[in-house]
Amino acid sequence: MTTRTDRKLLALAAAADRRLADPLAGFVDLAGVREAVEDLTKAFAPLGRVQHTVAVKACGLAPLLRFLGDLGVDAEVASPGETALAEAAGVRGERLVLDSPAKTTAELAHALAEGTAVNADNFQELARLDRLVGATPPRSVLGLRINPQVGAGRIGDTSTATAASKFGIPLRDNGNRALLLEAFARRPWLTRLHVHVGSQGCPPGLMAEGVAAVHELAEEINAEAGYRQVTSLDLGGGLPVNFASEDQGPTYADYVATLLARVPALADGRYSFVTEFGRSLLAKNGFLVSTVEYTKTAGGRPIAVTHAGAQVAARTVLQPEHWPLRLGAFDAAGRPKTGPAVPQDIAGPLCFAGDLLARERPLPLLEPGDLVVAHDTGAYYFGAHYAYNTMPRPAVHGFTVSGEDVEFTPIRRAQSVAELVADAGGEFVGVLPAA
Ligand SMILES: *Cc1c(COP(=O)(O)O)cnc(C)c1O
C-alpha cells in the first residue's frame, strides 16, 4: 500500500528522467483521486441517497471528468464552457447540476431540454424558469440557491454566505422567508434547496450552519405545502484543504460527523442529497513541476527563476497571504535536494516584479536545472489559466504507480504557439490597414 507522498516521489524521479517538466507541467495522481472518491462515498453513506458531483471549475480537464464520471461522480457546471466540457467527457443530462449567478435563457433552455438539474440563483431567474417550464412538468430537478447569511470564513473572496454575497437568495433579508414560501407554493416543480457556504477557508462548523438553515427552510416549505414538496438538498462543496503539509485536513468523515451533530435529521432518509466538492477531491492529488532556468542574487537575496508564475498560480501570486503553496526543491534527477535551507524568492517567468510563487522561502539553495514542485495544485490551478505574457497552458499528465514503475498518461497537451496566436486574433491579422 503506497502513500500519496511515496507515489509523488516516484513520479517526480520518473518525470525528471523523461524530461516531462521541461520547462513546466502538471501531474495528477490517479490512485489518489480514486481514494478521495472512495472516502467521499463512504463518508456520506449515512445520509442515504447522495448524488456526488465534482465542481468543474476545480477540474477543467475532460479526461479527468471522464475518469471521475466512471467512478460515479457527476458534475456541477457553472458556464456554457463547463457544460460543454462535462458533456464532452460523457457526463451529461441528469448527471449535471447547473449553478451560476448569470445563466442566460439559452443556458436554462439547454439544461431543461437535457434534463440537467438547475439551481436558480434569484427570483428573476425563477420567473424565467416559469416561462420555460410552461405547463408541462419538467424532467429536470429544479431548485433554488439560498444564501443562509451565516457569515464569512477566512477568505473574503471565496466566502459566499455573507450578508451581502452576490449568490443566492438572502434568507435573512427582510421579507424573503415569506417570499420563498410563496415561490414554492406557486411552483410545484420546485423541489430542491441549494446551499454553498464558501470555498476554502470556511470551517466545517460554518458550513453546517448553512446546511441547518436550508434544512429548516425545507421543513417549513413542506409543512406549508402539506406534502413533501422539497425532496432533495444540494449541500454544495467547500470542504477546506490543508495547504500546509501532506496531511488532508478535515476529512469527509469529519465533515459528515459535524453535519450530523448539527442536524441529526439529515440521516432520517426523508431527503436525498447532492454534493459539489472540488478542491477537497483534487487539490492534494496534483502538483506542478517547473525547471529552474536561472538563479541570481539581488539585494543579497537569492532568486530562482522558474517557469511557474501567475499564469498557472494566479491566486497564489496575486494574493499570497490567502493562497500560499508548499514548494519543494528537487534536483535534476527528481530527488529531494538536501542542504541548509536558504531563504529564496521563487520567481515565475512573467514580466512583472510581483510574479513570485514565494518570497524568502527557506529551501535548499536552487541551481539551474533543478526542479521546483508546487504541491497541492490538483484543483483549480490546471484549469484557471491566466494568459499574461501570452503564456501557454502547460501539459498535464496523469500517473499511476505499480511497484517502482510509474506510468504517465497525457491528459492535456501544452498549448502550442500557433494556438496562442490564434487566440490573440491571429485570423484577423491584416484587417487594420494603417496606410
Ligand atoms: C466553487 C463551487 C463549488 C466547489 O467548491 P470547492 O471549494 O472546490 O469544494 C461547489 N459549488 C459551487 C456552487 C461553487 O461555486
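Residues numbered from 1 in each chain as written. Predicted model: local features only at pLDDT ≥ 70, side-chain atom pairs only at ≥ 80, totals over all residues. Heavy atoms only, no water.

Let us look at the sheet that holds strand S14 (residues 327-330). To summarise the sheet geometry, strands pair through backbone hydrogen bonds and adopt either a parallel or an antiparallel arrangement. Ordered by their spatial adjacency, six strands build an open sheet running S14-S17-S11-S1-S18-S19, and the pairing between neighbours is mixed. Each having just a single partner strand, S14 and strand S19 (405-412) make up the two edges of the open sheet. Pairs of neighbouring strands in the sheet enclose a mean axial angle of 30°, with direction left out of account. Examined bridge by bridge, S14 and strand S17 (residues 371-374) share four bridges and lie antiparallel to one another. Bridging across to S17, Phe330 finds its partner in Leu371. Strands strand S1 (24-29) and strand S18 (395-402) of the sheet are contacted by helix H2 (residues 30-44), whose axis makes an angle of about 45° with S1. (Pairing = 2+ DSSP bridges. Helix = DSSP H or I, 4+ residues; strand = E, 2+ residues; numbered from the N terminus. Axes fitted to C-alpha atoms, helices over the stretch in contact; angles between N-to-C directions. Contact = heavy atoms within 4.5 Å.)

Glancing now at the sheet that holds strand S16 (residues 356-364). Read across the open sheet, the four strands follow the order S12-S13-S15-S16; overall the sheet is mixed. Each of the sheet's edge strands pairs with one partner strand only, and the pair in question is strand S12 (294-298) and S16. Across the sheet, the mean angle separating the axes of adjacent strands is 30° when strand polarity is ignored. Pairing between strand S15 (residues 341-347) and S16: six bridges, direction antiparallel. Paired with Ala341 across the strands is Pro364, a residue of S16.

This next bit is on the nonpolar core. Core analysis: the biggest nonpolar cluster contains 108 residues, and Phe44, Leu193, Leu233, Leu281 and Ile346 have the highest contact counts within it. With 10 residues, the single largest contributor to this core is helix H8 (residues 204-225). Shared between two domains, this core holds at least three residues of each, these being domain 1 (48-277) and domain 2 (284-423). Ignoring sequence-local partners within four residues, the contact set of Ile346 consists of Ala304, Thr306, Leu327, Leu356, Leu357, Ala358, Leu363, Leu366 and Val372. (Core = buried A, V, L, I, M, F, W, Y, C linked by side-chain atoms within 4.5 Å. Buried < 20%, exposed > 50% of the residue type's maximum accessible area, 1.4 Å probe, protein only. Domains from an automatic or database assignment.)

Much of the literature gives interface size as the accessible area that the parts lose upon coming together. Segmenting the protein into domains produces domain 1 (48-277) and domain 2 (284-423). Centre-to-centre, using C-alpha coordinates, domain 1 lies 33 Å away from domain 2. Taken together, the contact between domain 1 and domain 2 spans 18 residues of the former and 17 residues of the latter. For the pair domain 1 and domain 2, the two sides together bury roughly 1500 Å², of which 60% comes from carbon and sulfur. (Buried area = accessible area lost by both parts, 1.4 Å probe.)

Moving on: the UniProt feature "domain: Orn/DAP/Arg decarboxylase 2 C-terminal" (unreviewed entry) in the protein. Following the UniProt record, one finds the feature "domain: Orn/DAP/Arg decarboxylase 2 C-terminal" (unreviewed entry) at residues 284-378. Within the segment residues 284-378, helix and strand shares are 5% and 42% respectively, and the terminal C-alpha atoms sit 6 Å apart. (UniProt positions renumbered as here; feature names shortened; annotations may be inferred.)

Our focus in this paragraph is a nonpolar patch on the surface. Taken together, the side chains of Leu318, Tyr386 and Tyr388 present a nonpolar region at the surface, about 260 Å² in accessible area. Its location among the elements puts Leu318 in helix H11 (residues 314-318). (Patch = residues over 30% accessible without salt bridge, like charges linked within 9 Å, V, L, I, M, F, W, Y side chains within 5 Å. Areas by Shrake-Rupley, 256 points an atom, 1.4 Å probe, with all protein chains shown as cover. Salt bridge = Lys/Arg side-chain N within 4 Å of Asp/Glu carboxyl O.)

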